[in-house]
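An overview of the molecular structure
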Amino acid sequence: MQTQQVRVAVITGATREIVLNSDIQPNATATFYVHNDIGVLVAHNLQPLPETQTSQLWLIGADGVPLPSGLMPIHSQEPGMLTITIPEEGRDFVNVGVTIEPAKGSDTPTAPIILLG
């Protein structure tokens, strides 16, 4: 229940909202809400993945370097949600991306970005 309360607080009190869109999955969208050092990603219409894969969130700095920031398994048509504490080295991010990675995630993206905002 605590995670749900945090998500509601971040979404309703967001000081920044980033909309992510996809050229690879045209119906897929997401919004990344930020309040203080907490971020909540809410994704819709991502294609379900096999158990061997996951969606991975990346915070991308002005230098274009992606910082791995969380894993969000998508194994059904339900909206995906991910709550993260934004690491200090990622607080100045300018973009947010999502890739499909191996189930345990990756240190750097191994696949094209499917959502970007």
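Up top is the structure these notes are about.
Since this is a predicted model, take the numbers as computed values, not measurements. (Residues numbered from 1 in each chain as written. Predicted model: local features only at pLDDT ≥ 70, side-chain atom pairs only at ≥ 80, totals over all residues. Heavy atoms only, no water.)

Further remarks concern the overall build of the protein chain. Helices and strands together make up the secondary structure of the protein chain, namely one helix and eight strands. In the protein chain, the succession of helices and strands from N to C terminus is α-β-β-β-β-β-β-β-β. A globule of 117 residues ought to have a C-alpha radius of gyration of about 13 Å, and the protein chain, at 13 Å, matches this closely. By its C-alpha atoms, the protein chain is 35 × 35 × 25 Å across when sized along the principal axes. Long-range contacts, defined here as pairs at least 24 residues apart, represent 57% of the contacts in the protein chain between residues at least 6 apart. Total accessible area on the protein chain stands at roughly 6400 Å², and carbon and sulfur atoms take up 52% of it. In the protein chain, 4 side chains carry a positive charge and 11 a negative one; their mean positions are 5 Å apart. (Helix = DSSP H or I, 4+ residues; strand = E, 2+ residues; numbered from the N terminus. Rg over C-alpha atoms; globule rule 2.2 N^0.38 Å. Contact = heavy atoms within 4.5 Å. Areas by Shrake-Rupley, 256 points an atom, 1.4 Å probe, with all protein chains shown as cover. Lys, Arg positive; Asp, Glu negative; His and termini not counted. Charge placed at Lys NZ, Arg CZ, Asp CG, Glu CD.)

Right, let's talk about the side chain of threonine 54 for a bit. With respect to the secondary-structure elements, threonine 54 resides in strand β4 (residues 53-60). For threonine 54, a relative accessible area of 2% gives the class buried. With residues up to four places along the chain from it excluded, the contact list for threonine 54 reads Leu49, Leu71, Met72, Pro73, Thr99, Ile100, Glu101, Pro102, Ala103 and Gly105. (Buried < 20%, exposed > 50% of the residue type's maximum accessible area, 1.4 Å probe, protein only.)

What follows is about the pattern of salt bridges. Opposite charge on two side chains allows them to pair when their charged atoms are near. The tally for this structure, following the rule as stated, stands at one salt bridge. One salt bridge in this structure joins aspartate 37 and arginine 91, with 3.4 Å as the shortest N-O distance. Note that aspartate 37 is positioned in the loop between β2 (29-35) and β3 (38-44) and arginine 91 in the loop between β6 (80-85) and β7 (95-102), a separation of 54 residues in sequence. When its relative accessible area of 39% is taken as the criterion, arginine 91 is described as partly exposed. (Salt bridge = Lys/Arg side-chain N within 4 Å of Asp/Glu carboxyl O.)

For the rest of this paragraph, the subject is the environment of threonine 99. On the secondary structure map, threonine 99 appears in strand β7. Through-space distance from the C-alpha of threonine 99 to that of isoleucine 114 is 5.4 Å; in sequence the pair is 15 residues apart. Those residues in contact with threonine 99 that sit more than four places away from it in its chain are Thr54, Ser55, Gln56, Trp58, Pro109, Ala111, Pro112, Ile113 and Ile114.

Right, let's talk about the pairing of β6 for a bit. Side chains Gly80, Leu82 and Ile84 project from β6 onto a buried face, and the interleaved Met81, Thr83 and Thr85 project onto a face without burial. Two elements, β3 and β6, share six bridges in a ladder whose sense is antiparallel. The residue bridging valine 42 from the neighbouring strand is methionine 81, located in β6. (Pairing = 2+ DSSP bridges.)

Turning our eyes to something else, we now look at the packing of aromatic side chains. Under the criterion given, the structure shown has one aromatic pair. Ring plane angle 75° and centroid distance 5.9 Å describe the contact between phenylalanine 32 and phenylalanine 93, whose orientation is recorded as edge-to-face. Residue phenylalanine 32 is found in strand β2, and its partner phenylalanine 93 is found in the loop between β6 and β7; the two are separated by 61 residues along the sequence. Neither phenylalanine 32 nor phenylalanine 93 differs from the other in exposure class; each is buried. Against the face of phenylalanine 93 rests arginine 16, its NZ or CZ located 4.2 Å from the ring centre. (Phe/Tyr/Trp six-rings, centres within 6.5 Å; stacked < 30°, edge-to-face > 60°. Lys NZ or Arg CZ within 6 Å of the ring centre and 35° of its normal.)

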